[in-house]
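Reading the structure
Below are the chains, spelled out letter by letter.
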Amino acid sequence: MANLHQLITNRINQFTPDLTARSVGRIITLGDGVATVSGLNDAMMAEILEFPQKTYGLVLNLDKHSAGAIILGNSKHLKEGDEVAATGRILQVPVGEELIGRVIGPLGNPLDGQPAPKTSSSNPLEKIAPGVISRASVSQPVQTGVNAIDSMIPVGRGQRELIIGDRSTGKSAIAITTVINQKDKNLICIYVVIGQKAAFTAQLVETLKKYKALDNTIIVAANAADVPALQYLAPYAGVAIAEYFAAKGKDALVVYDDLSKHAWAYRELSLLLRRPSGREAYPGDVFYLHSRLLERAIKLNKDSGGGSITALPIIETQAGDVSAYIPTNVISITDGQIYLESDLFNAGIRPAINAGLSVSRVGGNAQIKAMRQVSGKLRMNLAQYRELAAFAQFSSDLDAATKAQLDRGARITEVLKQGWDEPMSVENQVCLIWAVTNGYLDKTPVNKVKDWQTAYLTQLKSTQPDLLKSIAQEKILTDKIIKVLEKSTQRFNDSHKDLSLQDEVETL
Amino acid sequence: MKDLNQIEIIVDSIIEYLSSSQSLDLLPEIAKKLTEKSWVKIDPNLALISSAVKLSTVQQALVKKTLSRHFDRPIRLKTKIDPAIIGGLKINVAGQVIDATLNHHLESLKDQVIYG
């Protein structure tokens, strides 16, 4: 009670009457979180408007005699004729180190039940992306911890890599694995949840807490129950927070989960604002909606501090149709895509990455040399396997070389299978891919490949810690390292006959 | 309230006139034209002052001088008594509103106490 009294007293003491001249208008029409306001003669585009009861709105349309605005929050208490004042400010989000480990809304309001983060600065949500002068080419890797991605579709710091696939094919899982793997890797993750179930956000927080990844993560959430205005703003808030870290020379990773729902929210707002609609009822500027967002992903050059913002947008396709409007837009904006397929997912290949359709346009330059040394062979082996696998279904009589290639491919596929909660360090990935592409698993039955992998990596860790350390530090497979690897892998196979020899059943 | 009643009376008389001359179908066009005219006719130098009591000549001169200095141009006044105002003035210069009424202060204070 005393606290309440104190709170009210403080608030009354803080009150200073405002006597400035404000541009004031009135609500003409109101509905579904969108208001038309008359009388704001000097309203600016994207200016914040103040509605009664400290409710704010954002100007999105400037017409001859009125302004169209979206209301940021609850609009149930508003009615036609209410007074609306222009504030002269544009939308900003509080930014700073204090946000790390927190769950916030797109306007910086806390959603995790803790007090509002005490930040000292703020960044504008909308900002023109930096030009060519301050940019550098992508040169450092983002280790996602996912074998298939780090080896074949590498992502670099400052890259925009799209994760695309049907519902429940493991799109968010890849993003979550990546975030979990960034512990102690100097990469601040910002996970933007757009239009998902609130339960998803709650589960995400718990998962990240469990793997202690929330200590370098900020979650910006606009759930399905939030108004479309907030869903529309969420990704811009995410990148505005990332820009704070990039400006300080740090590296940030932003996951947009997902941009399909973002486009839906924007379509909803645009239709309510009575903007002309185009294909699939999206407004004409739906391409710019995503291009201006993803252009803010950047690798800054040394003069600008060397920071970076990596973007991992997620797009959900309907029945595998990547040629729909929004997927093609985002595919053309990004620097490559990770394509996930339901068929692979249902066949137990998880992550369900289609290696043939997935590409990374700039990440190859960022890959460490050791990984580049082993992944070339992996990609070739896998491509040959895919080609032969289709033919092999029809013939039972295969020559030895073809059979060997098929066997190798099956083992590689097995090695690339991975749980979402098991991100792998880059040195382990290099050793494992080196072993499988050099035939050390050829005699291991497919169903024992995972056992082989676990035992092999455990043995490497205990008997060759220096080897793993030198791969991680030197980032290259020298002849000396390869010799040690050959020797220790052979020794492992010799001492684990049960894992490196075909069962009798298999040979029949 | 008085304003709203006045508007109602004017609108009713326009409709009555159009109805008697059998040209009610012109109403939308007339409304559109009136809206356009209203935008053109906003006088940037005219200040509408609403107050609870009639302002004295000295007060009016003071307000006029202060407003002219604030907006950096000669301002003319049009005063109006609004019984809904408890005290203070509400000044409207071409859409720019300075609300110095007690009503507004109390409303803002209420918002401050409730929403912080």
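Going by the structure above, here's the rest.
Described in the following lines is the structure provided in the data block. If you're wondering where the values come from, they're calculated on a predicted model, not measured in any experiment. (Residues numbered from 1 in each chain as written. Chains lettered and ligands numbered in written order. Predicted model: local features only at pLDDT ≥ 70, side-chain atom pairs only at ≥ 80, totals over all residues.)

Here the focus is the pairing of strand β5 (residues 66-72) of chain A. Put simply, side chains in a regular strand alternate between the two faces of the sheet. All names here are of chain A. In terms of burial, β5 is a largely internal element, six of the seven residues being buried. Both strand β4 (residues 55-62) and β5 contribute to a ladder of six bridges, which runs antiparallel. Across the sheet, the residue bridging to tyrosine 56 is leucine 72, located in β5. Between the antiparallel neighbours β4 and β5 lie three residues. (Buried ≥ 20, exposed ≤ 12 C-beta atoms within 10 Å, placed from the backbone. Helix = DSSP H or I, 4+ residues; strand = E, 2+ residues; numbered from the N terminus. Pairing = 2+ DSSP bridges.)

Next up on the list: the pairing of strand β6 (residues 83-90) of chain A. All names here are of chain A. Two strands pair when backbone bridges link them, and strand β1 (residues 22-31) and β6 are joined in this way by three bridges, in the antiparallel orientation. Bridging from a neighbouring strand, arginine 26 pairs with glutamate 83 of β6. Relative to β6, strand β3 (residues 47-51) runs antiparallel, the two being bridged by three bridges. When the bridges of β6 are listed, leucine 49 appears paired with alanine 86.

This part takes up the packing of helix α6 (residues 259-272) of chain A against helix α7 (residues 286-294) of chain A. All names here are of chain A. Packing of α6 against α7 leaves a shortest axis separation of 10 Å and a crossing angle of 130 degrees. One element, α6, and the other, α7, form an angle in the oblique class. Considering only the axes of α6 and α7, their crossing is right-handed. In contact with Leu259, Ala263 and Tyr266 of α6, α7 contributes Val286, Leu289 and His290. (Axes fitted to C-alpha atoms, helices over the stretch in contact; angles between N-to-C directions. Parallel < 35°, antiparallel > 145°, perpendicular 65-115°, else oblique. Left-handed = near helix turned anticlockwise from the far one by under 90°. Contact = placed C-beta atoms within 7 Å.)

For the rest of this paragraph, the subject is the interface of chain B and chain A. Contacts between chain B and chain A engage 15 residues on the former and 17 residues on the latter. Mapped onto the side of chain B that touches chain A, the elements with two or more residues apiece are α2 (27-40), β4 (96-101) and α4 (102-115) of chain B. The element that contributes the greatest number of residues to the side of chain B that touches chain A is α4 of chain B, accounting for seven residues. Looking at chain direction, β1 of chain A and β4 of chain B are connected through two bridges and run antiparallel. Bridge pairing links arginine 22 of chain A to valine 97 of chain B in β4 of chain B.

A word on the nonpolar core. If you look at the biggest cluster of nonpolar residues, it comprises 136 residues, and the most contacted ones within it are Ile190, Ile241 and Val254 of chain A. Of the residues forming this core, the biggest block, 14 residues, is contributed by helix α5 (residues 228-247) of chain A. In this structure isoleucine 190 of chain A touches Ile218, Val220, Gly238, Ile241, Ala242, Ala252 and Val254 of chain A, once residues within four positions along its chain are discounted. One finds Leu67, Ile75, Val93 and Ile98 of chain B within the second-largest nonpolar core, a separate group that totals eight residues. (Core = buried A, V, L, I, M, F, W, Y, C linked by C-beta atoms within 7 Å.)

Taking 1.5 Å of rise per residue, the 15 residues of helix α3 (residues 57-71) of chain B would be expected to cover 21 Å, and the 21 Å separating its terminal C-alpha atoms lies within 8% of that figure. Positive backbone phi, at 60 degrees, marks aspartate 72 of chain B, one or two positions downstream of α3 of chain B. (Expected span 1.5 Å × (residues − 1).)

With that out of the way, let us pick up helix α13 (residues 449-463) of chain A. All names here are of chain A. In this model, α13 (15 residues) spans 21 Å end to end at C-alpha, consistent with the 21 Å of a helix rising 1.5 Å per residue. Where α13 is concerned, the buried positions are Val449, Trp452, Gln453, Tyr456 and Leu460. Within α13, the buried residues cover an arc of 100 degrees as seen down the axis, which keeps them to one side. Away from the buried face of α13 by more than 90 degrees, exposed residues Thr454, Thr458 and Ser462 are located. Looking at the packing, one finds that the buried side of α13 touches α11 (400-416), α12 (426-437), α14 (465-474), α15 (479-495) and α16 (497-500). (Arc of directions from axis to C-beta.)

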